[in-house]
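Residue-level structure breakdown
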Amino acid sequence: FLWYPYNLDFDFSVMAQFQNFSINNLGDPFIESNYGVHSRQFEVAVLDWFARLWDLQQDEYWGYITNCGTEGNLHGLLVGRELFPDGIIYASCESHYSVFKAARMYRVECVEIDTLVSGEMNCADFKSKLSQNPGRPAIVNVNIGTTVKGAIDDLDRIIRTLEKCGFRDRFYIHCDGALAGLMMPFIKQAPKVTFKKPIGSVSVSGHKFMGCPVPCGVVITRLEHVKVLSTDIEYLSSRDATIMGSRNGHAPMFLWYTLNKKGYRGIRKEVQKCLRNAHHLANRLREAGVSAYLNELSSTVVFERPHDEAFVHKWQLACEGSIAHVVVMPNVSVEKLNNFVEELIGERPRWHEGGGFRVPCVAKDIGQENCLCGVHDKK
């Protein structure tokens, strides 16, 4: 279980008693409905924590605990669409598929931006695409960790590009921080994701880095923005600006418990552990002659795709074209990573029996300097 970015290092047995209740946080988290079995107080406490993390005052934000990361993207981009009905969604070609799903659902034109080898948005291409539509506002999806390579889009440069192209006050930025959005604030050298910058919303997954037995997520936006979505629902005695109506009331309790148990210090420790172990894996692979790449601020190690579906299935690897990746999470030990590398090295020659073994070329995916094929390996 190495590719899914899920932290399996959790124990919620102390909360088992709550499984006997149908807890539903339907409607607005900040307005109690007429359904009495809810966990709004836990939800608001979690939202307050994330608002502080991203520098948004308590009276300036709105948000809710979603059912998954995709819902956070759907909500953030919907707010952007409502603020700029004639806007165009701009997203890098390595953005999560939910971004393009949102464009189809909302029937908004979507322009894909090229990426660098790292997986980061190519701001030169972004500038070029913006110049083709100078009269229409920009709704921009910024990746705080791409799905395959864990790349971080340069938020500051994207903002500068928008302003230089004449889009000042005519853009909306949604930050998709599914996994890395919770890691970045705990890495000293990482660029800061903050509402002190002109962004509109941020979303993260709750079941990924934090760890949770059910899929969930968090989306935070500016209170002034969400008013375009908010609707009174009389029979709920509440207002609603969420994507889903009924929402899992157990998820806020799991997240609240985790945040209080680990605290800032515990989360920072887990982030450092993941980065350290990811570097260990990347180095082990390279030492063994396996082409590998690791973005500086990521725990996602990209390497050449194994040529055996049984091996891929056993380790539950995600593959795309010529590459695969491992996402090093807090529950992934060095011992497990070493076992993976040893098995990969042992099985690798057998996948090429008969034709002689050659290291495959993955230069176009991870760069020539990281490719150990016969053509690009300088050693």
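Residues numbered from 1 in each chain as written. Predicted model: local features only at pLDDT ≥ 70, side-chain atom pairs only at ≥ 80, totals over all residues. Heavy atoms only, no water.

Partitioning the protein chain into structural domains gives domain 1 (13-261) and domain 2 (263-370). Each of domain 1 and domain 2 has a C-alpha centre, and the two are 29 Å apart. Contacts between domain 1 and domain 2 engage 24 residues on the former and 25 residues on the latter. Buried area between domain 1 and domain 2, summed over both chains or domains, comes out near 2000 Å², and the portion from carbon and sulfur atoms is 68%. (Domains from an automatic or database assignment. Contact = heavy atoms within 4.5 Å. Buried area = accessible area lost by both parts, 1.4 Å probe.)

The next subject is the nonpolar core. Residues F50, V140, L162, I173 and F340 are the most contacted members of the largest nonpolar core, which totals 88 residues. Sorting elements by how many residues they give to this core places helix α8 (residues 250-287) first, with 13 residues. If you count residues domain by domain, this core takes at least three from each of domain 1 (13-261) and domain 2 (263-370). Not counting the four nearest positions on each side in its chain, V140 is found in contact with Y90, M121, F126, I158, L162, Y172, I173 and H174. Core analysis: the next-biggest nonpolar cluster, separate from the first, contains 21 residues, W62, L74, Y172 and L229 among them. (Core = buried A, V, L, I, M, F, W, Y, C linked by side-chain atoms within 4.5 Å. Buried < 20%, exposed > 50% of the residue type's maximum accessible area, 1.4 Å probe, protein only. Helix = DSSP H or I, 4+ residues; strand = E, 2+ residues; numbered from the N terminus.)

This brings us to the packing of helix α1 (residues 40-53) against α8. Where α1 meets α8, the axes come as close as 8 Å, and the angle between the chain directions of the two elements is 35 degrees. Relative to α8, α1 is oriented so that their crossing is left-handed. When α1 is examined against α8, the residues F42, E43, A45, V46, W49, F50 and L53 are found in contact with a partner set consisting of P252, M253, L255, W256, L259, Y264 and I267. Here the contact of α1 with α8 is built from residues that sort into 13 nonpolar, no polar and one charged. (Axes fitted to C-alpha atoms, helices over the stretch in contact; angles between N-to-C directions. Left-handed = near helix turned anticlockwise from the far one by under 90°. Nonpolar A, V, L, I, M, F, W, Y, C, P; charged D, E, K, R; others polar.)

So, about empty space enclosed by the protein. Taken as a whole and judged by the stated rule, the model has one cavity of 30 Å³ or more. The space that makes up the largest cavity amounts to roughly 40 Å³. Together, E304, R305, P306, H307, L344, R348, W351 and H352 line the largest cavity. For the lining of the largest cavity, the class distribution of residues is three nonpolar, two polar and three charged. (1 Å grid on protein atoms, 1.4 Å probe; cavity = no way out; pocket = protein on both sides within 12 Å on 5 of 7 lines; lining within 4 Å. Points joined across faces, edges and corners; volume = space filled by probe spheres on them.)

Roughly 490 Å³ of volume is contained in the largest pocket. As for the largest pocket, its lining consists of 32 residues, of which P5, H96, T147, A178 and K208 are closest to the centre. Within the residue set of the lining of the largest pocket, elements represented by two or more residues are α2 (69-83), α6 (207-211) and β13 (323-327). Element by element, the count of residues in the lining of the largest pocket is highest for α2, at three residues. Residue composition of the lining of the largest pocket, grouped by class: 13 nonpolar, 16 polar and three charged.

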